[in-house]
Amino acid sequence: MESPGIQVPAAAGPSFKPWRHDTSSRRSVLATSASRTFASTLRHQGTTARSDAASTALLTAVYIFSRRAGRAQQRRGPIGAIRATAQNVLPTMPELDDPEAVESRMRYFEIPQAAPAGSAPSWRNEHWFPVASLGELDPLRPTAVRIDGLDLVVWRKPSSENTAGSDEDCWSVFANSCPHRLAPLSEGRIEAKTGCLQCAYHGWEFDGKGACTRIPQVTQAESQRMRANPRSGAVAFPTQVAFNCIWAWLGDGTPKGSPKDLARGNYLSETDSFSTYTRDVPYGYDSLLENFVDVSHIPFAHHGLQGTRDDARPVVMTVPKVNRVQDENSGYLMNFHFEDHTTGRDRKSDFFLLSPFLFVYNGEFENKEGESGEKRRFRLSICCVPVSPGHSRMIILNPRTRSGLMGSLFSVLPTWLIHIFSNRFIDSDLAFLHYQERILRRGRSAEDWNKSYFMPGQSDRSISAWRKWLSSEGARCVLPGPGSDLPPSPSSREELLNRYKQHTSHCVHCQEQSA
């Protein structure tokens with residue numbers, strides 16, 4: 001029987017430990033009322049929660065009214081300076097960008113798959129994997145996360161303990177098991193005296209590179225000898241921060257380049273500041289990205305959220321260009337241009353798949369008749385991550401370069417309110433995608449999509465190109481075998497659209513408001 005408060009990751013689904021984020025804000029009566037209104041909305045688990053003008057206006061009014069009443073959310077101050085007090089610590093393990101160090105560590109550890117991988121076998125040695133958003137992680141506690149079937153833990157070394165002097169270098173990604181007795185390190189704590197990750201089971205501690213720094217059950221002399229064995233260290237993955245997200249190199253070789261290289265030649269290079277929204281969804285990585293390259297579903301699936309059904313027009317789309325290997329000159333794996341009509345305006349845009357896990361749209365809306373001035377830009381950038389069969393994660397990246405009305409609105413509204421709007425948008429086609437994925441696999445694999453889909457229009461060219469590219473890469477999420485076998489559907493629609501499990505439980509902004 002599991003102990004209360006301990007969450008053991010299920011093998012079939014995504015693994016996120018609920019974050020225990022404490023708040024100590026004083027609230028006025030009006031502020032409390034506003035917070036409760038938000039909490040009840042956040043916990044609502046019923047229907048698809050399609051947006052309407054009245055509910056959106058109500059939420060915005062609640063926020064503005066409570067703000068005028070004088071409520072100010074107290075934020076945690078910066079983490080105070082922490083001095084290292086660990087004694088007799090051996091020199092840290094070799095740097096993780098050293099091929100011999102990586103090979104040495106992996107020689108002693110074979111990381112088990114908690115669930116079948118959905119990526120192509122080559123991707124872990126060719127691409128960086130996005131793991132989590134810095135803007136939504138709790139920096140004071142380790143966090144469990146599952147990526148491509150691997151159970152990982154993300155944690156932040158206090159900045160005063162960071163010898164490199166950069167806050168970005170404080171973050172680490174480990175395999176989520178202690179080398180001693182395999183207890184989940186995500187259930188541990190960050191020891192204030194040493195700045196190390198401490199296993200909650202027996203108190204072993206590990207520095208940011210994974211080296212064991214303390215074994216409390218033995219003498220210092222014995223500990224020094226035992227910690228000299230590479231088997232004493234946690235499995236640490238090379239980690240970088242880009243676009244306000246943590247990226248990990250999950251391969252067993254030397255990392256290639258940097259995830260920051262993905263910004264070369266596109267608008268992601270214009271800013272280092274991004275806000276984010278993360279959502280775990282009950283459908284696979286292949287279905288997730290397929291939906292994002294499907295431009296023709298917007299007027300219908302997102303009616304009332306991004307335009308209306310009356311916006312539907314014939315879609316013009318070029319034949320997508322696909323690169324088997326990322327071209328250094330073009331900088332993309334897949335590209336197409338399309339023209340459509342949405343939110344009452346004609347739109348022209350280009351799509352670029354920059355890696356298997358990141359795409360960008362870059363376009364503009366045409367001015368209406370009689371309008372003049374600069375055209376409104378259309379930009380969308382999203383990380384799409386395989387988690388396990390039938391589960392994936394999206395991290396929407398919002399560059400803080402918005403202008404005009406939308407820019408002003410996003411600068412005023414709090415993060416939790418923006419996340420409510422994002423939740424409603426994702427809800428609106430979540431059920432379609434969950435059940436469509438299962439129908440596609442009835443009696444065949446996802447690789448046989450062309451025998452199931454009937455797609456005669458130009459607007460479906462992007463779907464065909466995406467599916468063909470996945471097959472050519474050998475992505476396990478579409479090939480026959482464990483990687484494409486889906487878990488049972490949730491027993492209720494309420495569970496299928498569980499916003500708390502899929503978002504709030506791992507978002508510090510929304511947790512603060514629902515506390």
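Starting afresh in each chain, residues are numbered from 1 along the sequence in its written order. Totals for whole chains, interfaces and linings use all residues, but because this is a predicted model, local features are given only for residues with pLDDT of at least 70 and pairs of side-chain atoms are given and counted only at 80 or more. Each side-chain value is worked out from all heavy atoms of the structure, with water and hydrogens disregarded.

(A) Representation of the overall build of the chain in the model. We count a stretch as a helix when DSSP gives it H or I for four or more residues in a row; a strand needs E for two or more, and each element gets its number in order from the N terminus. Helix and strand counts for the chain stand at 13 helices and 19 strands. Buried residues in the chain amount to 53% of all 515 residues. When checking whether two residues touch, look at their non-hydrogen atoms; a contact exists if any pair is within 4.5 Å. Pairs at least 24 residues apart make up 68% of the contacts formed inside the chain by residues separated by at least 6 positions. If you sum the accessible surface of the chain, you get close to 23800 Å²; carbon and sulfur atoms cover 52% of it. Summary of the burial criterion: residues with accessible area below 20% of their type's maximum are buried, those above 50% are exposed, and those between are partly exposed, where the area comes from a 1.4 Å probe applied to protein chains only. Note on areas: Shrake-Rupley, 1.4 Å probe, and residue coverage restricted to the protein chains presented here.

(B) Representation of the packing of helix α5 (residues 285-292) against helix α8 (residues 415-440) within the structure. As a rule, the C-alpha atoms of each element are fitted with a line to give its axis, helices using only the stretch in contact, and angles between N-to-C directions run from 0 to 180 degrees. Their axes nearest at 10 Å, the elements α5 and α8 cross at an angle of 130°. Comparing their axes, α8 and α5 come out oblique. Crossing of α5 over α8 shows right-handed handedness. On α8, the residues that touch Asp286, Ser287, Glu290 and Asn291 of α5 are Asp429, Leu433, Gln436 and Glu437. Residue type decides the class: Asp, Glu, Lys and Arg count as charged, Ala, Val, Leu, Ile, Met, Phe, Trp, Tyr, Cys and Pro as nonpolar, and the leftover types, Gly among them, as polar. The residue inventory of the contact of α5 with α8, partitioned by class, reads 1 nonpolar, 3 polar and 4 charged. Roughly parallel covers angles under 35 degrees, roughly antiparallel covers those over 145, roughly perpendicular covers 65 to 115, and oblique covers all other angles. Helix crossings fall into two classes, left-handed where the near helix is turned counterclockwise from the far one by less than a right angle and right-handed where it is turned clockwise.

(C) Seen up close, unusual backbone geometry. Phi is positive for Phe243, close to 60°, though the residue is something other than glycine. Looking at where Phe243 falls in the secondary structure, it is placed in the loop between β10 (239-242) and β11 (245-248). Accessibility expressed as a relative area gives 8% for Phe243, which makes it buried.

(D) Molecular detail of the packing of aromatic side chains. Pairs were defined over the aromatic rings of Phe, Tyr and Trp, the Trp ring being its six-membered one, requiring ring centres within 6.5 Å. Orientation was assigned from the angle between planes: stacked under 30 degrees, edge-to-face over 60, tilted for the rest. Throughout the structure, instances matching the rule amount to 22 aromatic pairs. Their ring planes at 85° and their centres at 5.7 Å tell us that Trp123 and Phe357 sit as a pair that is edge-to-face. Note that Trp123 is positioned in the loop between α3 (99-108) and β1 (129-133) and Phe357 in the loop between β16 (345-355) and β17 (358-365), a separation of 234 residues in sequence. For Trp123, a relative accessible area of 0% puts it in the buried group. Relative accessible area serves as the criterion here: at 0%, Phe357 is assigned to the buried category. Ring geometry for Tyr285 and Phe357: centres 6.2 Å apart, planes at 50°, overall tilted. A residue pair is termed long-range when its members are at least 10 positions apart, and Tyr285 in helix α5 and Phe357 in the loop between β16 and β17 qualify at 72 residues.

(E) Structural context of the sheet that holds strand β5 (residues 189-190). Paired strands are those between which DSSP finds at least two bridges. Read across the sheet, 4 strands follow the order β5-β6-β7-β8 without closing on themselves; strand pairing throughout is antiparallel. Two strands close off the open sheet at either side, each with one partner strand: β5 and β8 (212-214). As defined by bridge partners, β5 adjoins strand β6 (residues 197-198) across 2 bridges and the pair is classed as antiparallel. If you follow Arg189 over to β6, its bridge partner there is Gln198.

(F) Representation of the environment of Arg441. Tracing the sequence through the fold places Arg441 in the loop between α8 and α9 (449-452). Taking the C-alpha atoms as reference points, Arg441 and Ser452, separated by 11 residues in sequence, lie 9.3 Å from one another. Discounting chain neighbours no more than four positions away, the residues touching Arg441 are Asp286, Ala446, Cys477, Ser484 and Leu486. Pairs of N or O atoms within 3.5 Å make up the polar contacts considered here, provided that, within protein, one atom can donate a hydrogen while the other can accept it, and that residues adjacent in sequence are counted only when both atoms are side-chain atoms. At a separation of 3.3 Å, a polar atom in the side chain of Arg441 contacts the side chain of Asp286. There is a polar contact of 2.8 Å between the side chain of Arg441 and the backbone oxygen of Cys477.

(G) Just the confidence of the model for the chain, in detail. Put simply, the chain has an average pLDDT of 80, and 73% of its residues get 70 or more. One number per residue, pLDDT, summarises how confident the predictor is, and it ranges from 0 to 100. Contacts of residues 1-54 to residues separated by more than four positions or lying in other chains number 121 contacts, the stretch itself having pLDDT below 50. This stretch, residues 61-108, has a pLDDT under 50; its non-local contacts, to residues over four places away or in other chains, come to 83 contacts.

(H) Local environment of the sheet that holds strand β3 (residues 150-156). Within the open sheet, the 4 strands sit side by side as β2-β3-β4-β9. Their pairing is antiparallel. The strands lining the two open edges of the sheet, one partner per strand, are β2 (143-147) and β9 (236-237). As paired elements, β3 and strand β4 (residues 171-175) share 5 bridges and run antiparallel to each other. Following the sheet pairing, Leu152 is matched in β4 by Ala175.

(I) Main features of the pattern of salt bridges. Put simply, a salt bridge is a Lys or Arg side-chain nitrogen that is within 4 Å of an Asp or Glu carboxyl oxygen. Scanning the entire structure with this criterion turns up 19 salt bridges. A salt bridge links Asp151 to Arg146, with the shortest nitrogen-to-oxygen separation between them at 2.6 Å. Here the two residues Asp151 and Arg146 agree in accessibility, since each one is buried. Among the salt bridges present, the one from Arg189 reaches Glu191, with a minimum N-O distance of 2.5 Å. For Arg189, a relative accessible area of 40% gives the class partly exposed. Beyond isolated ion pairs, a larger network of salt bridges with shared partners links Asp286, Glu290, Arg441 and Arg467.

(J) Molecular detail of empty space enclosed by the protein. Of the two site types, the cavity is a set of points on a 1 Å grid over the protein atoms alone where a 1.4 Å probe fits but cannot get out, and the pocket is an open set with protein on both sides within 12 Å along at least five of seven lines, each lined by residues with an atom within 4 Å of a point. Grid points are joined across faces, edges and corners, and a volume is the space filled by probe spheres set on the points. The final tally for this structure, using the stated rule, is 2 cavities of 30 Å³ or more. Of the volumes computed, that of the largest cavity is approximately 90 Å³. As for the largest cavity, its lining consists of 19 residues, and the residues nearest its centre are Gly118, Ser388, Pro389, Cys477 and Gly483. For the lining of the largest cavity, the elements supplying multiple residues, two or more each, are α5 and β18 (377-388).

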